[in-house]
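Structural overview
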Amino acid sequence: MGQEQQPGRRTVLGAAAVLGAAGTGALALGGGAAQAADRSRTRTDGRGRGHRGLPTPAVIAHRGTSGYRPEHTFGSYQLALDMGADVIEQDLVPTKDGHLVCRHENDITATTDVADHPEFASRKTTKTVDGRKITGWFTEDFTLKELKTLRAKERIPQQRQHNTLYNGRWEVPSFEEVLRWAEKEGRRRGRPVWLHVETKHPSYFGKLGLGLEKPLAKLLRRYGRHKAHSPNFLQSFEPSSIQKLSELVDCPRVVLLSGPTSRPWDFVEAGDPRTVADLVKPEGLKWIAGFAQGIGPTLDLIIPRKEDGSLGEETTLVRDAHARKLVLHPYTMRNENTFLPADFRVGDDPNAYGDAFGAFKRWFETGIDGIFSDNCDTALLAAADFRGDH
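Notes on the structure follow. (Residues numbered from 1 in each chain as written. Predicted model: local features only at pLDDT ≥ 70, side-chain atom pairs only at ≥ 80, totals over all residues. Heavy atoms only, no water.)

1. Thoughts on the pairing of strand S4 (residues 125–129)
As paired strands, S4 and strand S5 (residues 132–136) are joined by five bridges and run antiparallel to one another. Its bridge partner lying in S5, threonine 125 is registered against glycine 136. Hairpin connection, S4 to S5: the antiparallel pair is bridged by two residues, and aspartate 130 has positive phi, about 50°. (Pairing = 2+ DSSP bridges. Helix = DSSP H or I, 4+ residues; strand = E, 2+ residues; numbered from the N terminus.)

In structure tokens, the structure reads:
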């Protein structure tokens, strides 16, 4: 990579000039020092602060501090806030009685102790969710009161054995409880607590009569987080969910993007032939910009990995998205070797930490506006180093 740009002089949602991206696919290779220099010149405000005071690059705590505590628990969220995370993520799924709860998936087999509850043994079942057949226990088969009898546990104990220490310590939080917590912590700290809120499998739940968008909008309005400058982002892998939310609330919205050959599930159901590779082209980004303020691409869409697992050449996605004034919040950085690009792994233990700081620096050099991380303390140090905050 070429000369490191000055990230402290970039804004998140504005000031991205058109860099001659028309007709250039985001999956084309490009950039180097000239591209970095262009970004530095065209995205400056001299303050190093982005949307509503968020730093650039912002650190988004992925499901809280899921590298240190079981994901989507108040233990995970509180530690993220205490560490200084700029934004904290919640994934939302519904209960049988229509409450929104924070789980990465509606399948709670791996993230709770439900299998240890004989009273719920008969609810184990097999379902097809977004084309995948899954056997387990599902939030939509439980009332909120029933879910509250369960306790959270570590999802990947093989990689994060130390997190198992906290198995059974916390409940499954409802989203309304998170909003109350954020309100309380915001008052205590004298600044808003930023949230990044995802609707999970919205088409699937819509067919069950458990649509996510209206209950989410209702809660956001109840807690005054529905406005254009509210301290939260809304996100989904299904663009139609973001389109629905755009008609219900004014807060910033982000379309999540998976691998280039994949198709959003709502596209599959609607017969829309476009893939993510189509959506990251300038015409696809223009379409997204019509109802969203950002994208959340997988990191590999920004710098693809080569066959040996090391990083290849940067694509033009950052430049092309900024040309449409879209914020980029890619996912997900983790400290363990098994999750890092091959050129940042250290030693032979897949569960040991690799050169996460080197990897963060490489991603920040692309000009992204923020990054999801399981280890927000590492990400915060890396971002401060990159901005030159000393």
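Okay, back to it.
2. Here we look at the environment of isoleucine 88
Along the chain, isoleucine 88 turns up in strand S2 (residues 87–94). Counting along the chain gives 94 residues from isoleucine 88 to alanine 182, while the straight-line C-alpha distance between them is 9.9 Å. Sequence-distant contacts of isoleucine 88, defined by excluding residues within four places in its chain, comprise Ala61, Gly64, Tyr77, Ala80, Leu81, Trp181, Trp194, Leu195 and His196. (Contact = heavy atoms within 4.5 Å.)

3. What to know about the packing of aromatic side chains
Throughout the structure, instances matching the rule amount to 12 aromatic pairs. A ring pair is formed by phenylalanine 364 and phenylalanine 386, whose centres lie 5.7 Å apart and whose planes are at 40°; its orientation type is tilted. Of this pair, phenylalanine 364 sits in helix H12 (residues 356–364) while phenylalanine 386 sits in helix H13 (residues 376–387); the two residues are 22 residues apart in sequence, bridging distant segments of the chain. A relative accessible area of 5% places phenylalanine 386 in the buried class. By way of ring pairs, the aromatic residues Phe74, Tyr77 and Trp181 are connected into one cluster. The ring centre of phenylalanine 142 lies 5.0 Å from the NZ or CZ of arginine 123, which sits over that ring. Just above the ring of tryptophan 170 sits the side chain of arginine 169; from NZ or CZ to the centre is 6.0 Å. (Phe/Tyr/Trp six-rings, centres within 6.5 Å; stacked < 30°, edge-to-face > 60°. Buried < 20%, exposed > 50% of the residue type's maximum accessible area, 1.4 Å probe, protein only. Lys NZ or Arg CZ within 6 Å of the ring centre and 35° of its normal.)

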